[in-house]
Each structure stands twice: as structure tokens, then as C-alpha cells.
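A structural walkthrough
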Amino acid sequence: MGEIRPGDHAAFPFATPAEQAQVIGPFLEDGLAARQKVIYVGEAGHRRLPGLGGCPDADRFVRTGQLRVIPSGAVCLPQGHLDPDRMLAVIGREITEAAEQGYPAVRLTADMSWALRQSGAYPLMLACEARFAEAVAAEPAVMAICQLDRSRCSADQLRALTGTHRLRVTANPEFDDGVLRITRSHAPDGLRLAGELDTARQEPLLTALTSVGRATTDTHLDFAEVRFLDLGILSLLVTYALRISPGRRLILDDLPPDVASLIQTLGWRHLPGLARGRSRPS
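Presented here is a report on the structure given in the accompanying data block. Keep in mind that what you see is a predicted model, and the values were worked out from it rather than measured. (Residues numbered from 1 in each chain as written. Predicted model: local features only at pLDDT ≥ 70, side-chain atom pairs only at ≥ 80, totals over all residues. Heavy atoms only, no water.)

1. Regarding the overall build of the chain
Test applied: Secondary structure elements follow DSSP: runs of H or I of four or more residues count as helices, runs of E of two or more count as strands, with numbering from the N terminus. Throughout, exposure labels follow a simple rule: accessible area from a 1.4 Å probe, protein chains only, divided by the maximum for the residue type, with under 20% read as buried, over 50% as exposed, and the rest as partly exposed. Residue contacts follow a heavy-atom distance rule, with two residues in contact if any of their heavy atoms lie within 4.5 Å. Each accessible area is a Shrake-Rupley result for a 1.4 Å probe, and residues are judged covered by the shown protein chains and nothing else.
The secondary structure content of the chain amounts to eight helices and twelve strands. Looking at the 282 residues of the chain, the share that counts as buried comes to 47%. In the chain, 73% of the contacts between residues at least 6 apart in sequence involve partners at least 24 apart. Summed over its atoms, the accessible surface of the chain is roughly 13,800 Å², and 51% of this surface lies on carbon and sulfur atoms.

See the structure below:
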């Protein structure tokens, strides 16, 4: 998310409110801190925006006009149905006004998940997304994220809706030193690991584990993009698993085959708190 720039139009399908807040909160905060115009379209009021709820300065940003929250009703027909023409007109006016007010850039995000509750809304959403992509492409000072609750549509609909976007946004990493990248994941809760896990990177891994481990559910570690993993890391994971709360588990997904075989040989899979998750495709 931190790499999004003016001219970018990204899709953000989210699974949980926590994941939504993790991505959208920094997007809004960074724009306000940079004195950019921030526009949010959706059902939430300015005191309940994802990741920004309870911000003591939200009222001030609204009063000054830097933060503009557009309710879903403003982009609907009188019957309450989504109207792509009205939505594009409303957003277009806001972007024009932001330029006239001297803002250097505009951060725009819309959570249109509510529209998918309506009968026949999917074709309208698809048309709206395609036209919106064209509108953003013509505005080099605008960066936009289109949010979509994955539970509100089928897998095919999700692919089509996100396919109208040039980019797909994800959360900023918890840690990234060029060798190891750790990113928070949701549904299931856990961490996505990429790169090399060696002894020198035990501390950032433990910090990230401790942070996500505050949840009451199992913690999943996704090793699908891990190229190397040493015994010191395995020892850390075993120690952590033995210390977590009873009834919770550390679940290891997509382990490299050699590591999975080693764990089975050593019998660690029988330890309470440690479980083998899904396997890498062969």
C-alpha cells in the first residue's frame, strides 16, 4: 500500500474488517499527513472510517474540507440503487474542486460492497469499475483504491471486478530487509513469509509472531514463498508453539518439502500447539 502513487488505480478485496483497517487506515492517514485531499465513498461516517475510527483530528479534517466523506446515498438513484453516472459525476466534481483548492494530489477510496446486496447490482458495479478506471487514468494527480468485501460476491465476480484495475493493493509489510519479507495475513489470521529465514532474522519473526499472536484464534504461517529456512528458525517456532495459550495452535502452511520431512522425522508434529497445515502443490 505504501508504494501507491498518483495515477495508480488499485483493487483491494478484503476478508475482514481488521484487514480493511490495516490497509485503508494508512492510506487515509498518509494522505492527510501529506496535506492531500482525501475522499472516501461508502457507508461509514468520518468517525468510523476503517483504520481511522476515533482519530481525534477527524472532525478538524472534515471542517477544513481536506477529508471529504461521501455517503453511499449520494451516488444512488432515488430508489437506492447504484447509479454509475451519478457516482462518476459526484467524484469528478470533488476532484475538480480539490485541484481548484490547490491540493497537490487526491487520495480516493470507495467501499462499494454495500451495492452488491442489491438485486442486479453486479453488472452495474462492473460497468462502474471500468468507467472509473478510465476516469482515474485521465487524472494524473489522483490515486485510487476500490474496496470490495470478498464475502459479498462469487469468485468469478471478484476476478472480473478486480480485473478492471491495473494494480492490486496489499498491506504494508511488518518487516522487509530485502532478504525476508513478513506481511500480516487475514482469513486465516497469521503471517505471510517470503525470502530467507535464517538465524539473523529470528528477532523480527518473533516480534511479528508476538503481535499477531494476541488474537484468540490459531495463527497460520504461510511458507509458500520461503526459499530457505534454517534449524534455528524451526527451534524458535517450536518454542513459541509450546508457550501459546492452550487450545491455540501455530499452523505451518506450504512448508518446503525438505523442511516438512524433517519435522516429521523429528516428531515435532506431535507437539501440542504446533500443526502442519496445507501442503505445497507438487
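There is more to say after this.
2. Examining the side chain of H165
Rules: Residues adjacent in sequence count toward polar contacts only when both atoms are side-chain atoms; beyond that, a polar contact is any pair of N or O atoms within 3.5 Å, and within protein one must be able to donate a hydrogen and the other to accept it.
Locating H165 in the fold gives a position in the loop between α5 (155-162) and β6 (167-168). When its relative accessible area of 10% is taken as the criterion, H165 is described as buried. Polar side-chain contacts of H165 include one of 3.2 Å to the side chain of T164. Those residues in contact with H165, other than ones at most four positions away along the chain, are H9, A10, A11, E129 and C146.

3. Some details on the packing of helix α6 (residues 202-212) against helix α7 (residues 231-243)
Note the following rule: To get an axis, fit a line to the C-alpha atoms, keeping to the stretch in contact for a helix; angles then go from 0 to 180 degrees between the N-to-C directions. Note on terminology: angles under 35 degrees are roughly parallel, angles over 145 are roughly antiparallel, angles of 65 to 115 are roughly perpendicular, and the others are oblique. By definition, turning the near helix anticlockwise from the far helix through less than a right angle yields a left-handed crossing, and turning it clockwise yields a right-handed one. For this scheme, ten residues count as nonpolar: Ala, Val, Leu, Ile, Met, Phe, Trp, Tyr, Cys and Pro. Four count as charged, namely Asp, Glu, Lys and Arg, and the remainder, Gly too, count as polar.
As a packed pair, α6 and α7 sit with axes 11 Å apart at the nearest point and diverge in direction by 25 degrees. Classified by the angle their axes make, α6 and α7 are roughly parallel. With respect to the hand of their crossing, α6 and α7 are arranged in right-handed fashion. Only G232, I233, L236, L237 and Y240 of α7 make contact with α6, whose side of the interface consists of Q202, L205, L206, L209 and T210. Among the residues forming the contact of α6 with α7, the class breakdown is seven nonpolar, three polar and no charged.

4. Thoughts on the pairing of strand β1 (residues 9-14)
Regular strands place their side chains on alternate faces of the sheet. Definition in use: Strand pairing is assigned whenever DSSP detects at least two bridges linking the two strands.
The element β1 is extensively covered by neighbouring structure, given that six of its six residues are classed as buried. In the sheet, β1 pairs with strand β5 (residues 142-149) via six bridges, with the strands oriented parallel. By the bridge assignment for β5, P13 is matched with L148. Pairing between β1 and β6: two bridges, direction parallel. When the sheet's bridge partners are listed, A10 is paired in β6 with L167.

5. Section: the pattern of salt bridges
Rules: The working definition used for a salt bridge is a side-chain nitrogen of Lys or Arg within 4 Å of a carboxyl oxygen of Asp or Glu.
In the structure shown here, the tally under the stated rule is 15 salt bridges. Residue R47 pairs with D59 through a salt bridge whose shortest N-O separation is 2.9 Å. Here R47, found in the loop between β2 (37-42) and α2 (58-64), pairs with D59, found in helix α2; they are twelve residues apart in sequence, far enough to count as distant. Residue classification places D59 among the partly exposed residues on the basis of a relative accessible area of 26%. Note that E94 and R68 form a salt bridge whose closest N and O atoms lie 2.9 Å from each other. On the criterion of sequence distance, the pair formed by E94 in helix α3 (residues 84-100) and R68 in strand β3 (residues 67-71) is long-range, its members being 26 residues apart. You can call E94 buried: its relative accessible area is 8%.

6. With respect to the side chain of D83
To keep it simple, the criterion reads: Lys and Arg are tallied as positive, Asp and Glu as negative. Neither His nor the chain termini are counted.
Looking at the element boundaries, D83 is found in the loop between β3 and α3. Buried charge without a salt bridge: D83, with R86 as the nearest opposite-charge side chain at an N-O distance of 4.1 Å. A distance of 3.1 Å separates a polar atom in the side chain of D83 from the backbone nitrogen of D85.

7. A few points about the sheet that holds β2
The strand order across the open sheet formed by six strands is β3-β2-β4-β5-β1-β6, and the pairing between neighbours is parallel. For this open sheet the edge positions go to β3 and β6, each flanked by a neighbour on one side alone. Relative to the sheet, α3 contacts β2, β3, β4 (106-111) and β5, its axis offset from that of β2 by approximately 165 degrees. The strands touched by helix α4 (residues 121-137) are β1, β4 and β5; relative to β5, the strand with the most contacts, the crossing angle is about 165 degrees.

8. Thoughts on a nonpolar patch on the surface
To keep things clear, this is the line we draw: Exposure above 30% relative accessible area and the lack of any salt bridge qualify a residue for a patch; like charges then connect within 9 Å, and the nonpolar side chains Val, Leu, Ile, Met, Phe, Trp and Tyr within 5 Å.
On the surface, L231, L262 and L266 cluster together to form a nonpolar patch covering roughly 260 Å² of accessible area. Take L231: it is sitting in helix α7. Take L231: its relative accessible area is 54%, and that puts it in the exposed class.

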